[in-house]
Amino acid sequence: MTTYSSAGRSSEIPEGEARVVEIDGKSVAICHVAGDGFFALENRCSHDDGPLGEGTLVDDRIECPRHGALFDVRNGDAKTLPAVRGVKSYQVRVDGDEIQVGLD
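Quick summary incoming for the structure in this document. (Residues numbered from 1 in each chain as written. Predicted model: local features only at pLDDT ≥ 70, side-chain atom pairs only at ≥ 80, totals over all residues. Heavy atoms only, no water.)

1. Concerning the overall build of the protein chain
Consideration 1: For the protein chain, the helix and strand inventory stands at zero helices and nine strands.
Consideration 2: Counting from the amino terminus, the protein chain carries its helices and strands in the arrangement β-β-β-β-β-β-β-β-β.
Consideration 3: Relative to a compact globule of 104 residues, whose C-alpha radius of gyration would be 13 Å, the protein chain shows 12 Å and is just as compact.
Consideration 4: Each principal axis of the C-alpha atoms in the protein chain carries an extent, and together these give about 40 × 25 × 20 Å. (Helix = DSSP H or I, 4+ residues; strand = E, 2+ residues; numbered from the N terminus. Rg over C-alpha atoms; globule rule 2.2 N^0.38 Å.)

Right under this line is the structure:
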């Protein structure tokens, strides 16, 4: 069974943007995809450990701010070089205005 932890308020992350939060000692990028809700990824590019949550969200992909690798926010898959491996994705649910992330 997945245990969910609070990751902030949905009203604090506009559509088309990402934010970095700390949950149980893990750095997590919360991405708000316009018209499709919230997704969560580990905040670490698989190419060189860049901070994904500081990157640009383009539709359902986030671009690493260091070298431009794109990752699918729905599942963490690497979509472009220089990244060749995906990143961990986490389950997300929204309860009222609270974003909750399952790190299990």
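Next comes the rest of the account.
2. Re the sheet that holds strand E8 (residues 89-95)
Consideration 1: Overall, antiparallel pairing links the six strands, which are arranged E1-E9-E8-E4-E3-E2 in an open sheet. Here the strands that pair on one side only, and so sit at the sheet edges, are strand E1 (4-9) and strand E2 (17-23). Mean inter-strand twist for the sheet, computed between neighbouring axes without regard to direction, equals 30 degrees.
Consideration 2: Here four bridges tie E1 to strand E9 (residues 98-102), and the two strands are oriented antiparallel to one another. Within the sheet, the bridge partner assigned to Ser 6 lies in E9 and is Gln 100. (Pairing = 2+ DSSP bridges. Axes fitted to C-alpha atoms, helices over the stretch in contact; angles between N-to-C directions.)

3. A closer look at the sheet that holds strand E6 (residues 61-63)
Consideration 1: Spatially, three strands are ordered E5-E6-E7 in an open sheet, and the strand pairing comes out antiparallel. Here the strands that pair on one side only, and so sit at the sheet edges, are strand E5 (56-58) and strand E7 (70-72). Taking each pair of neighbouring strands and ignoring which way they run, the sheet shows an average axis angle of 30 degrees.
Consideration 2: Of the pairings in the sheet, the one linking E6 to E7 comprises three bridges and is antiparallel in character. Residue pairing in the sheet places Arg 61 in a bridge with Asp 72 of E7.

4. What about the pattern of salt bridges?
Side-chain pairs of opposite charge can arise whenever the charged atoms involved come near each other.
Consideration 1: Applying the stated criterion to the full structure yields six salt bridges.
Consideration 2: Put simply, Arg 74 and Asp 36 hold a salt bridge, and the shortest N to O gap is 2.2 Å. Here Asp 36 lies in the loop between strand E3 (26-33) and strand E4 (37-42) and Arg 74 lies in the loop between E7 and E8, a separation of 38 residues in the sequence.
Consideration 3: With a closest N to O distance of 3.3 Å, Arg 44 and Glu 42 form a salt bridge.
Consideration 4: Among the residues examined, Glu 42 registers a relative accessible area of 15% and is labelled buried. (Salt bridge = Lys/Arg side-chain N within 4 Å of Asp/Glu carboxyl O. Buried < 20%, exposed > 50% of the residue type's maximum accessible area, 1.4 Å probe, protein only.)

5. Some thoughts on the pairing of E9
Consideration 1: In terms of burial, E9 is largely enclosed, as four of its five residues are buried.
Consideration 2: Across five bridges, E8 lies against E9 in antiparallel orientation. Each residue of the ladder has a partner; that of Gln 91, found in E9, is Gly 102.

All quantities given are derived from atomic positions and should not be read as evidence of function.
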